[in-house]
Amino acid sequence: MVPAPQMGEREREILTAIVETFIATGEPVGSRTLARASREGLSPATIRNVMSDLADSGFLEQPHTSAGRVPSTEAYRYYVEQITGNARLSREDQGMIQESFHGVSDVQEFMERTSHVLSLISRNVGVAVAIGGPKNALDHVYFSRLGDQKVLAVVVTRSGLVRDRVLRLDISQSDLDAAARFLNDNFRGWTMEAMRVELARRLEQERSEYDSLMVSVEQLYKQGALAADDNAQMVFVEGASNLVAGEQDRQRLQEMLKTLEEKQKIVGLLSAYLDAKQEAVRVVIGLDQALPSMRNFVLIGAPARVGGEVMGSLAVIGPTRIDYEHTMTAVSYIARMFDKMLNEPE
């Protein structure tokens, strides 16, 4: 294959025109179509010669002998590399996004709306994953006795994540209330990891001064009521119906929809391709290495950060014939909004 840097200006413009025309129409692109739109007034014969060279280099494919050409996976990858990143969302899109997130103040609600907004704006599948993390600061805890030997422990972090566990414990409601007050009064604003370390230290040092309160706290602590559950994930997927209209292969469609229903596979997909350290939106063309049912599909995603902490990820999944620039711009815009809205000063 011809290395991208060796591609001439004419080849680059024709390849870009083919990709953008195919994205817009879904039909193989012929030389006459390109000639009519050529700014340089190139003839169909000249364009055919360039298209032949591009095909020899692996950038174009010909689905039928009498049809025009369609971009290959390599063509899409080259096209994405040429996108400048200077595109801006329309005022209508910005207004729709801002209105959709109005009043949102926690991670869970933001992520749920993100999957919906991305599916609308891309007309594909919007995905958002919120993850737990050791740096989530405590907002408050709540304990409730459910019956004999059962206690519901609810932990709410300042980022808005809510975790609950049912523990096998026999503690009265009054003791549970006292333990919750102790933790809320002493550890609100502490990171989960720092709180557990300090609690372990206090329980060890104050062993001789135990009263019923500290006994209750120790029991709750040892049973995992305050465990960070760093792998806890909330997965939101919306817009699978957008794929139905564009997919003619019924068996492949069923495979794709089944994959989207299995949310752990979606988490694995984002984990495989999105790096928490990346600063920009990443485009992955061809997802079949991670999920065979997602061949000929692309993922356009980014980490969701609050300050420097990664709180999850957001992405669009769609066919290779997707509006790359518009989708990349939307993903980037929402990722920045996530940080801006939820990054409260300590």
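Residues numbered from 1 in each chain as written. Predicted model: local features only at pLDDT ≥ 70, side-chain atom pairs only at ≥ 80, totals over all residues. Heavy atoms only, no water.

> Describe the sheet that holds strand E5 (residues 150-157), naming the residues involved and giving the relevant values.
Taking strand neighbours across the sheet as the criterion, the 3 strands line up as E4-E5-E6 in an open arrangement whose pairing is antiparallel. Strand pairing shows two members of the sheet lacking a second neighbour, strand E4 (138-147) and strand E6 (162-167), which therefore form its edges. Taken over all neighbouring pairs, the strand axes of this sheet differ in orientation by 15° on average, direction set aside. Packed on one face of the sheet, helix H7 (residues 173-187) meets E4 and E5 and runs near 175° to E4. (Pairing = 2+ DSSP bridges. Helix = DSSP H or I, 4+ residues; strand = E, 2+ residues; numbered from the N terminus. Axes fitted to C-alpha atoms, helices over the stretch in contact; angles between N-to-C directions. Contact = heavy atoms within 4.5 Å.)

> Go over the side chain of Ser31 with me, naming the residues and quoting the values.
Mapped onto the secondary structure, Ser31 falls in helix H2 (residues 31-37). Look at Ser31 and you get buried, because its relative accessible area is 10%. If we ignore the near neighbours within four places in the chain, the residues touching Ser31 are Pro44, Ile47, Arg48 and Met51. (Buried < 20%, exposed > 50% of the residue type's maximum accessible area, 1.4 Å probe, protein only.)

> How would you explain the nonpolar core if you had to name every residue and give the values?
Counting residues in hydrophobic clusters, the biggest one holds 60 residues, and the most contacted among them are Ile14, Leu15, Ile97, Tyr324 and Phe338. The leading source of residues in this core is helix H13 (residues 324-342), at 10 residues. Every residue in contact with Ile14, bar those within four places of it in the chain, is listed here: Leu34, Leu42, Ile47, Val50, Met51 and Leu54. Core analysis: the second largest hydrophobic core is formed by 24 residues, Leu176, Ala179, Met192 and Leu203 among them. (Core = buried A, V, L, I, M, F, W, Y, C linked by side-chain atoms within 4.5 Å.)

> An account of helix H1 (residues 9-25) is needed here, citing residue identities and associated values.
The terminal C-alpha atoms of H1, which comprises 17 residues, lie 24 Å apart, in line with the 24 Å expected from a rise of 1.5 Å per residue. All of the buried residues in H1 are Ile14, Leu15, Ile18, Val19, Phe22 and Ile23. Down the axis of H1, the sector holding all buried residues measures 165°, keeping them to one side. Check the buried side of H1 and you find it contacts H2, helix H3 (44-56), strand E1 (60-61), strand E2 (70-71), helix H4 (73-82) and H13. (Expected span 1.5 Å × (residues − 1). Arc of directions from axis to C-beta.)

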